[in-house]
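Take a look at the letters that make up each chain.
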Amino acid sequence: MAAMTPTPAPNDEAAPAASSTPAAVHAPAATHTPAAADPRERAPRRFRSRPRPRVWRGAVLALAGAYFLLPLLASFVFTVHVPGQGISFEAYTQLLGAEGFTRSLLLSLGLAAATITASLLLAVPALVAVRIGSPRLRPVVEVMCMMPLVVPPIALVTGISTVLRWGPEHLSRTPLYQTFLAVQNPDFPLVLVLAYTVLALPFVYRSLDAGLRAVDVPTLVEAARSCGASWPYVVLRVILPNLRAALAGAGFLTLALVLGEFTIASLLGFQPFAVWIVSISGAHARMSVAVSVLSLLITWLLLLLLSRAGTAPATVSPGTSRHTRTSRTSGKES
C-alpha cells in the first residue's frame, strides 16, 4: 500500500507557484502595455485651443471706424449739400481764396515747428543728464514737468497777460522794453511759443521718458566714451538715433496741441488757425466746417509723416557697436 500511495514530488507545489508567479508578474505588464503604447492615455488630457473667430475683432474695428468716420462723413455732407440746390463744392473752392486762411495756417505750422524745437531742446538734455548722472532727481523733474496739467490754461494766460502789461510800464527805459515788444509781434508771436512749450512739456516728458527707459543709456554712453567720442557726438550719434520713435511721438503730440489750441491765442489777441476757424464760423458756416475737415486731414497727414520718420531704423557707428558688443560679451564671461 505504501508503494501504491503516490508521493508528491518536491517540486510539485513549487511548480504551480512558479507557473503562477510569472503570470502575476507579467499580468500588470500585460495590463499596462496598451497604456505604454498609447502615451495620450497616460498623459493628462489637454484641451486643444481652438482658433478664435475673427468676428469680434472685425466688429470692434468696425465700431471704432464708425465712431471716428461717421462724424467726419456727416461734416463733409453738410459742407457739400445745400438745401434746394443739391451738391455743391463751393465751400471748398472758395477756401483757398478766403481772407486769412493761408496766413493763419502758415502761422500755426510755424508755431508748431518752433514749439517742437524748443520743447525738445529743453527736455532732451535734461532727461539724458538725469538718466546718466542723477537718477534720484527723476521724481523732482517729473513733478516739475507735470505741473502744466494742474494749472488751467485760463490761469496761465491770465498770468502771461499780466506780465505783458506790467513789463512795458516799468521797463520802458531799459533794453528789455524792446524784448517785450518783440515777443508780441503779430507776424510771429514768440509769447505763444513760450506758452505752448509749457503746455506741451508733460506730453514731451512722458514720451521721452518711455523712450529712455527702453534703452540702456548708461551702457551706450560708457561704450561711446571709451572709444573716445565727445559728449556732443554721444548725444547726437548714439543716444538720439535710439530715441527716434520717442522724439517722433513727442513731436506729433506737440503738433496736435498747437494746431488745436484756442484759449491762449484768442485771449492774447492773436489769430492762428484755430482762432481763424472760429472767427469765420458765424458768417460762413459751411466754410468753417470745411476748414475743420481739411485741418483734420492735414493733421493726420503730418502725424503719418512723423510716425514714418520715427519708425526708421536707428544706426550707430561701427566702432561704437563693436565696443558695445565686446563689453557685453566680456560682462557675460565674467
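Residues numbered from 1 in each chain as written. Predicted model: local features only at pLDDT ≥ 70, side-chain atom pairs only at ≥ 80, totals over all residues. Heavy atoms only, no water.

1. Examining the nonpolar core
- Leu 208 and Ile 239 are the most contacted members of the largest nonpolar core, which totals 27 residues.
- Secondary-structure elements contributing two or more residues to this core are α5 (101–132), α6 (138–150), α9 (190–213), α10 (217–226), α11 (231–242) and α12 (244–260).
- Tallying contributions element by element places α9 first for this core, with 6 residues.
- In contact with Leu 208, other than residues within four places in its own chain, are Leu 120, Ala 123, Val 124, Leu 127, Ala 246 and Leu 247.
- Of all hydrophobic cores here, the second largest spans 24 residues; its members include Leu 107, Ala 112, Leu 199 and Phe 270. (Core = buried A, V, L, I, M, F, W, Y, C linked by side-chain atoms within 4.5 Å. Buried < 20%, exposed > 50% of the residue type's maximum accessible area, 1.4 Å probe, protein only. Helix = DSSP H or I, 4+ residues; strand = E, 2+ residues; numbered from the N terminus. Contact = heavy atoms within 4.5 Å.)

2. Things to note about the side chain of Glu 261
- Mapped onto the secondary structure, Glu 261 falls in the loop between α12 and α13 (263–268).
- No salt bridge is formed by the buried Glu 261; its nearest oppositely charged neighbour, Arg 103, is found at 14 Å.
- At 2.9 Å, the side chain of Glu 261 forms a polar contact with the side chain of Tyr 196.
- Within polar-contact distance, the side chain of Glu 261 engages the backbone nitrogen of Thr 263 at 3.0 Å.
- Glu 261 has contacts with Tyr 196, Leu 199 and Ala 274, leaving out every residue within four places of it along the chain. (Lys, Arg positive; Asp, Glu negative; His and termini not counted. Salt bridge = Lys/Arg side-chain N within 4 Å of Asp/Glu carboxyl O. Polar contact = N/O pair within 3.5 Å; in protein donor to acceptor, adjacent residues only side chain to side chain.)

3. Some remarks on the side chain of Asp 209
- Here Asp 209 lies in helix α9.
- Setting aside its immediate chain neighbours within four residues, Asp 209 contacts Leu 127 and Arg 138.

4. A short note on the environment of Ala 256
- As for its placement among the helices and strands, Ala 256 is situated in helix α12.
- Take Ala 256: its relative accessible area is 37%, and that puts it in the partly exposed class.
- Between the C-alpha atom of Ala 256 and that of Leu 302, which follows or precedes it by 46 residues, the distance is 9.4 Å.

5. Description of the packing of α6 against α9
- The contact between α6 and α9 brings their axes to 6 Å, and the two run at 145°. α6 and α9 meet at a crossing whose hand is left-handed. Between α6, through Arg 138, Val 141, Glu 142, Cys 145, Met 146, Pro 148 and Leu 149, and α9, the contact on the second element is made entirely by Val 198, Leu 199, Leu 201, Pro 202, Phe 203, Tyr 205, Arg 206, Asp 209 and Arg 213.
- Looking at the contact of α6 with α9 residue by residue, the class counts come to 11 nonpolar, no polar and 5 charged. (Axes fitted to C-alpha atoms, helices over the stretch in contact; angles between N-to-C directions. Left-handed = near helix turned anticlockwise from the far one by under 90°. Nonpolar A, V, L, I, M, F, W, Y, C, P; charged D, E, K, R; others polar.)

6. Topic: the packing of aromatic side chains
- Applying the stated criterion to the full structure yields 4 aromatic pairs.
- The interplanar angle of 85° and the centroid separation of 5.3 Å between the aromatic rings of Tyr 67 and Phe 68 together place this pair among those described as edge-to-face.
- An aromatic cluster is defined as three or more aromatic residues linked by ring pairs; in this entry it consists of Phe 101, Phe 273 and Trp 276.
- The ring centre of Phe 78 lies 5.2 Å from the NZ or CZ of Arg 286, which sits over that ring. (Phe/Tyr/Trp six-rings, centres within 6.5 Å; stacked < 30°, edge-to-face > 60°. Lys NZ or Arg CZ within 6 Å of the ring centre and 35° of its normal.)

7. A word on the confidence of the model for the chain
- On average, residues of the chain carry a pLDDT of 76, and 75% of them reach 70 or more.
- Per-residue pLDDT, averaged within each element of the chain, yields its smallest value for helix α16 (residues 318–333) (43) and its largest for α9 (92).
- pLDDT under 50 marks residues 1–5. Its contacts with residues more than four places away, or in other chains, come to 0 contacts. (pLDDT = per-residue confidence, 0-100.)

8. Some details on a nonpolar patch on the surface
- The grouping of Val 143, Met 147, Leu 149, Val 150, Val 151, Phe 203 and Leu 253 at the surface amounts to a nonpolar patch, some 620 Å² of accessible area in total.
- It is α6 that contributes the most residues to the nonpolar patch, 4 residues altogether.
- Take Val 143: it is sitting in helix α6. (Patch = residues over 30% accessible without salt bridge, like charges linked within 9 Å, V, L, I, M, F, W, Y side chains within 5 Å. Areas by Shrake-Rupley, 256 points an atom, 1.4 Å probe, with all protein chains shown as cover.)

9. Brief notes about the pattern of salt bridges
- This structure, assessed with the given rule, holds 4 salt bridges.
- Taking the shortest distance from any N to any O, the salt bridge between Glu 142 and Arg 138 comes out at 3.7 Å. Residue Glu 142 and its partner Arg 138 are both found in helix α6; the two are separated by 4 residues, about one turn of the helix.
- With a closest N to O distance of 3.5 Å, Arg 213 and Asp 209 form a salt bridge. With Arg 213 and Asp 209 both in helix α9 and 4 residues apart, the pair spans about one turn of that helix.
- With a relative accessible area of 11%, Asp 209 lands in the buried category.
- Shared partners join several salt bridges into a network, and the residues in it are Arg 138, Glu 142, Arg 206, Asp 209 and Arg 213.

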